[in-house]
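Secondary and tertiary structure notes
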Number of protein chains: 2
Amino acid sequence: MNIGTAARQSGLPPKTIRYYEDIGLLTADRAANGYRDYSNEDVHRLRFVQRSRSLGFSVEECRQLLSLYTDRDRASADVKAIATEKLAQIDRKIAELTGLREMLGHLVEHCHGDARPDCPIIDGLSGRSRDH
Amino acid sequence: MNIGTAARQSGLPPKTIRYYEDIGLLTADRAANGYRDYSNEDVHRLRFVQRSRSLGFSVEECRQLLSLYTDRDRASADVKAIATEKLAQIDRKIAELTGLREMLGHLVEHCHGDARPDCPIIDGLSGRSRDH
DNA sequence: ATAAGGGTTCCAGCCGCTGGAAGCTCAAGT
DNA sequence: ACTTGAGCTTCCAGCGGCTGGAACCCTTAT
């Protein structure tokens, strides 16, 4: 099948698929006319990458996961190690964002939001703390 | 003061400060020898940007906030609008990551993580659901 | 005199795409 | 048979937000 069809079936834009081929993540056969030719198994791999990316794995991590996916003899422990590390990264990211949310939410709460130039958000950002 | 001192006092690397000047976010005076020369007020602005960036505002948003910061007559409503939108973005990001966390956590939980090639994480990523 | 530790400029690269130009091929309609 | 339009190919450039490195200048201490 052509790249457009593979794109529709995998949920990845054609541009992205070509890019993945460019960086050696996934290869594709070529038809006689020079068009890329994708098998169902290729589409499986594309979907695999699509899901992995959308779960927050980097392209390099996808490369690892893909080789584990392709290697029928890999130990599940290898995969688990990658996924567990990713989980920890996500937890850190959530904690960081929650901290931000709290600080920013606090600033917004204390801003009366009218036409007066007095603004706790600006003051907070500028580091000049006020007495609340 | 020189860029290195301004960097230390603002918490931004010199490279980043030069970059900000490059994109017209902040300007600096020049000393006779061609070195950038920062006033205390400049450092305030640098810190302001540093804080805003670390709170998740984009450089473009920092540009807006900075002009509101500099403009003593601005309405606090303008600032509040930007901050509130940012808050919503952060909430969306947290929700998204929480979803990821749940899905990935689920996969990791069900992976026995031993030497067997059978791996629910890989299966989950490949979209072939099993009956767990 | 010289060496270290600033500063300056500019150019290139990181990630993960994405847009656009120029040209080819294919399928359908007239 | 010819045209049109969609889809394919390649390559080059740019996004955001820095960051590293090269090559050079300036200042200060020994």
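Just so you know, these numbers come straight off a predicted model, no measurement behind them. (Residues numbered from 1 in each chain as written. Chains lettered and ligands numbered in written order. Predicted model: local features only at pLDDT ≥ 70, side-chain atom pairs only at ≥ 80, totals over all residues. Heavy atoms only, no water.)

1. Structural notes on the protein's contact with DNA strand D
Lining the immediate environment of DNA strand D, one finds 19 residues, of which Gly4(A), Tyr35(A), Arg36(A), Lys15(B) and Tyr20(B) sit closest. The contact atoms of DNA strand D, taken as those within 4 Å of the protein, divide so that sugar and phosphate hold 65%. Arg30(A) is positioned such that a nitrogen or oxygen atom in its side chain is 3.3 Å from a phosphate oxygen of DNA strand D. Broken down by element, the residue count for the surface near DNA strand D peaks at four residues, all from helix 2 (residues 14–22) of chain B. (Near = heavy atom within 4 Å. Polar contact = N/O pair within 3.5 Å; in protein donor to acceptor, adjacent residues only side chain to side chain. Helix = DSSP H or I, 4+ residues; strand = E, 2+ residues; numbered from the N terminus.)

2. Points about the protein's contact with DNA strand C
Taken together, 19 residues are adjacent to DNA strand C, and Lys15(A), Tyr20(A), Arg53(A), Gly4(B) and Arg36(B) come closest. A breakdown of the atoms of DNA strand C within 4 Å of the protein gives sugar and phosphate a share of 66%. In this structure, Asn33(A) approaches DNA strand C through a side-chain N or O atom, which is 3.1 Å from a phosphate oxygen. Element by element, the count of residues in the surface near DNA strand C is highest for helix 2 (residues 14–22) of chain A, at four residues. Looking at the surface near DNA strand C residue by residue, the class counts come to seven nonpolar, six polar and six charged. (Nonpolar A, V, L, I, M, F, W, Y, C, P; charged D, E, K, R; others polar.)

3. A short note on the layout of surface pockets
Here the idea is plain: a probe the size of a water molecule rolls over the atoms and shows the empty space left. One number sums up the size of the second largest pocket: a volume of about 160 Å³. In terms of lining, the second largest pocket is formed by Arg53(A), Ser54(A), Gly56(A), Lys86(A), Gln89(A), Ile90(A), Lys93(A), Glu96(B), Leu97(B) and Leu100(B). For the lining of the second largest pocket, the leading source of residues is helix 5 (residues 76–109) of chain A, giving four residues. Of the residues assigned to the lining of the second largest pocket, the class counts are three nonpolar, three polar and four charged. (1 Å grid on protein atoms, 1.4 Å probe; cavity = no way out; pocket = protein on both sides within 12 Å on 5 of 7 lines; lining within 4 Å. Points joined across faces, edges and corners; volume = space filled by probe spheres on them.)

4. Some details on the relation of the copies chain B and chain A
Each of the two chain copies goes to the other by way of a rotation about an axis and a shift along it. If you rotate chain B by 180 degrees and push it 0.0 Å along the axis, it lands on chain A with an RMSD of 0.1 Å. The operation mapping one copy onto its partner corresponds to a two-fold rotation axis. Measuring from the rotation axis to each C-alpha of chain B, the shortest distance belongs to Ile94(B), at 3.0 Å. Looking at chain B, 100% of its interface residues are interface residues in chain A too, so the copies touch through the same face. (Least-squares fit on C-alpha atoms with pLDDT ≥ 70 in both. Contact = heavy atoms within 4.5 Å.)

5. Topic: the packing of helix 3 (residues 40–54) of chain B against helix 4 (residues 59–70) of chain B
Residues and elements named next belong to chain B. The interhelical angle for the contact between helix 3 and helix 4, taken along N-to-C directions, is 135 degrees, at an axis separation of 10 Å. What the angle tells us is that helix 3 and helix 4 run oblique. The two elements helix 3 and helix 4 cross, and the hand of that crossing is right-handed. Between helix 3 and helix 4, the contacting residues are Glu-41, His-44, Arg-45, Phe-48, Val-49, Ser-52 and Arg-53 on the first element and Val-59, Cys-62, Leu-65, Leu-66, Tyr-69 and Thr-70 on the second. Of the residues belonging to the contact of helix 3 with helix 4, the class tally is seven nonpolar, three polar and three charged. (Axes fitted to C-alpha atoms, helices over the stretch in contact; angles between N-to-C directions. Parallel < 35°, antiparallel > 145°, perpendicular 65-115°, else oblique. Left-handed = near helix turned anticlockwise from the far one by under 90°.)

6. Re empty space enclosed by the protein
Residues and elements named next belong to chain A. Inspection of every chain in the model, using the stated rule, returns one cavity of 30 Å³ or more. Its volume calculated, the largest cavity comes out at about 40 Å³. Ile-17, Glu-21, Leu-26, Thr-27, Ala-28, Tyr-38 and Leu-46 are the residues that line the largest cavity. Of the residues belonging to the lining of the largest cavity, the class tally is five nonpolar, one polar and one charged.

7. What to know about the interface of chain B and chain A
Counting from both sides, the interface comprises 53 residues of chain B and, opposite them, 54 residues of chain A. For the pair chain B and chain A, the summed buried surface comes to about 4500 Å²; carbon and sulfur atoms form 70% of the total. Our count for the chain B to chain A interface comes out at two salt bridges. Notably, a salt bridge pairs Asp91(A) with Arg101(B), separated by 2.7 Å at the nearest N-O pair. Counting every contact that joins chain B to chain A gives two residue pairs in polar contact (both at pLDDT 80 or more). Counting residues per element, the ones that place at least two in the side of chain B that touches chain A are helix 3, helix 4, helix 5 (76–109) and helix 6 (120–126) of chain B. Among the elements that take part in the side of chain B that touches chain A, helix 5 of chain B stands out by supplying 20 residues, more than any other. Across the side of chain B that touches chain A, the residue classes tally to 25 nonpolar, 13 polar and 15 charged. (Buried area = accessible area lost by both parts, 1.4 Å probe. Salt bridge = Lys/Arg side-chain N within 4 Å of Asp/Glu carboxyl O.)

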